[in-house]
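In case you want the letters, here they are:
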Amino acid sequence: MAARSIPRAFLRSARPAIPATRVALPHGLRAVSRRGYASGSEQGKSSNALLWTGVAGLALGGGAFYFLRDTTDPISSATFQPKPADYQKVYDAVAARLADETDYDDGSYGPVLLRLAWHASGTYDKETGTGGSNGATMRFAPESDHGANAGLKYARDFLEPIKAQFPWITYSDLWTLAGACAVQELGGPTIPWRPGRQDKDVAGCTPDGRLPDGAKEQKHVRSVFDRMGFTDQETVALIGAHSLGRAHADRSGFDGPWDFSPTVFTNEFFRLLSEEKWQQKKWNGPKQFTDKSTQSLMMLPADMALVNDKTFKKYVDIYAKDSDTFFRDFSNAFVKLLELGVPFTTKAEDRIVFKTSE
Ligand code: HEM
């Protein structure tokens, strides 16, 4: 585990200077009160809802799940058509597990779940239509071993019990749903989400090098996000996710959190980026920046690109001052990210708006 420059207790209690409504209730941290939220009986309930038919049905809409109850039984094909309420149950189970499993990092798996959803989706190439969240190919080497994906095994393993509880959901739907859940539960905006991703096998793995490199600057950042089909404004909004979590020396080589509340989704990343003085950190590690005031926070060279580039900076300044605009723009861009390259049979209007836990 990487060395901590800020005591955990401090990080957990720190609150940024923005309206209390945004940060007072970091849902992912309301641990014990919601224990037992998702009981082990969900699977049983799902099974009761299964529709046994004599004909192999067609997968209408996303997320249909087929399996054989008994291969010797001629009437054995089953189709479970999950409804929005079933996906809400998956959401609730992820949220409950987030609230329960607080003995990790700064107290929440939320940031690493968000990073998993982003890295599963951010391999998309608009020219070839390859990559993206459809497939969940990071389950396999070589993609799981790509340098950019170091540490994401924590997130994949965290979701295994949920997959076991709801075997009908695909990994690719589960990973993206969990990313939406992490944002909502950590106090971020609503992320409307829809199912429809199918898992692929190892042949669907994308080549290394599609995800952005933290050591690089604006030209690289712009070209990677443009390859996915994002505008400059969407690019800046998405990177605002760095208000959550931290870099780990034993994963990316970089070290430290971006702000004082790494388990609460805020616009603090932008406020600190534009208001603090950032200087190059003197250490025996890759080039990164630290804040002059406390020398306890960090920025990647790729984060600094957002203030070194005139167009990017315009959006940094807007989001630093206006949390609501950031929340709205982040939500729109993140919904788009999670859907890149997915052959949906449903419409955008069919997206599910998950109820955040109490
Ligand atoms: C130029 C673009 C980006 C670069 C270069 C970049 C790079 C990085 C690096 C190096 C880390 C540290 C990983 C570790 O050591 O654990 C990190 C963490 C993280 N990134 Fe990014 N990232 C970018 C964009 C994004 C986007 C678009 C999102 C989400 C929408 C995102 C979400 C996160 C989160 C939540 C973490 C914290 C993970 C944790 O705490 O375990 N990043 N990123």
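Just so it is clear, the structure is predicted and the values come from calculations on it, not from any experiment.

**Observations concerning the sheet that holds strand E7 (residues 289-291)**
Line of reasoning, step 1. Pairing in this open sheet of three strands is antiparallel, and the strands run E6-E7-E8 from one edge to the other. Pairing within the sheet leaves two strands with one partner each, and these edge strands are strand E6 (278-280) and strand E8 (298-299).
Line of reasoning, step 2. Sheet analysis places E7 next to E8, joined by two bridges and oriented antiparallel. Bridge assignment links Phe289 to a residue of E8, and that residue is Met299.

**What about the site of the ligand?**
Line of reasoning, step 1. The local shell around the ligand holds 24 residues, among which Pro111, Gly214, Ala241, Gly245 and Ser252 are the closest.
Line of reasoning, step 2. Listed by contribution, the elements that provide at least two residues to the shell around the ligand are helix H5 (110-121), helix H9 (232-239) and strand E4 (246-247).
Line of reasoning, step 3. No other element matches H5, which puts five residues into the shell around the ligand.
Line of reasoning, step 4. Considering only residue class, the shell around the ligand consists of 15 nonpolar, six polar and three charged.

**Section: helix H13 (residues 323-339)**
Line of reasoning, step 1. The end-to-end C-alpha distance of H13, which contains 17 residues, comes to 24 Å, matching closely the 24 Å that a straight helix rising 1.5 Å per residue would cover.
Line of reasoning, step 2. Among the residues making up H13, those that are buried are Ser323, Phe326, Phe327, Asp329, Phe330, Ala333, Phe334, Leu337, Leu338 and Glu339.
Line of reasoning, step 3. One or two steps after H13, the chain reaches Gly341, where phi turns positive at roughly 75 degrees.

**Concerning unusual backbone geometry**
As a rule of thumb, non-glycine residues mostly have phi less than zero, and peptide bonds are mostly trans rather than cis.
Line of reasoning, step 1. The amide bond that connects Ala141 to the next residue, Pro142, takes the cis arrangement and shows omega of 10 degrees.
Line of reasoning, step 2. Topologically, Pro142 is positioned in the loop between H5 and helix H6 (153-165).
Line of reasoning, step 3. Positive phi, close to 50 degrees, is recorded for Asp105, a residue that is not glycine.
Line of reasoning, step 4. Relative to the helices and strands, Asp105 is located in the loop between helix H4 (84-100) and H5.
Line of reasoning, step 5. Exposure remark for Asp105: the 22 C-beta atoms within 10 Å place this residue in the buried category.
Line of reasoning, step 6. Residues other than glycine seldom take positive phi values, yet Gln295 does so here, at roughly 50 degrees.
Line of reasoning, step 7. Position of Gln295 among the secondary structure elements: in the loop between E7 and E8.
Line of reasoning, step 8. Gln295 gets classed as partly exposed once you count the C-beta atoms within 10 Å, which come to 13.

Criteria and thresholds
- Residues numbered from 1 in each chain as written.
- Predicted model: local features only at pLDDT ≥ 70, side-chain atom pairs only at ≥ 80, totals over all residues.
- Pairing = 2+ DSSP bridges.
- Helix = DSSP H or I, 4+ residues; strand = E, 2+ residues; numbered from the N terminus.
- Near = placed C-beta within 6 Å.
- Nonpolar A, V, L, I, M, F, W, Y, C, P; charged D, E, K, R; others polar.
- Expected span 1.5 Å × (residues − 1).
- Buried ≥ 20, exposed ≤ 12 C-beta atoms within 10 Å, placed from the backbone.

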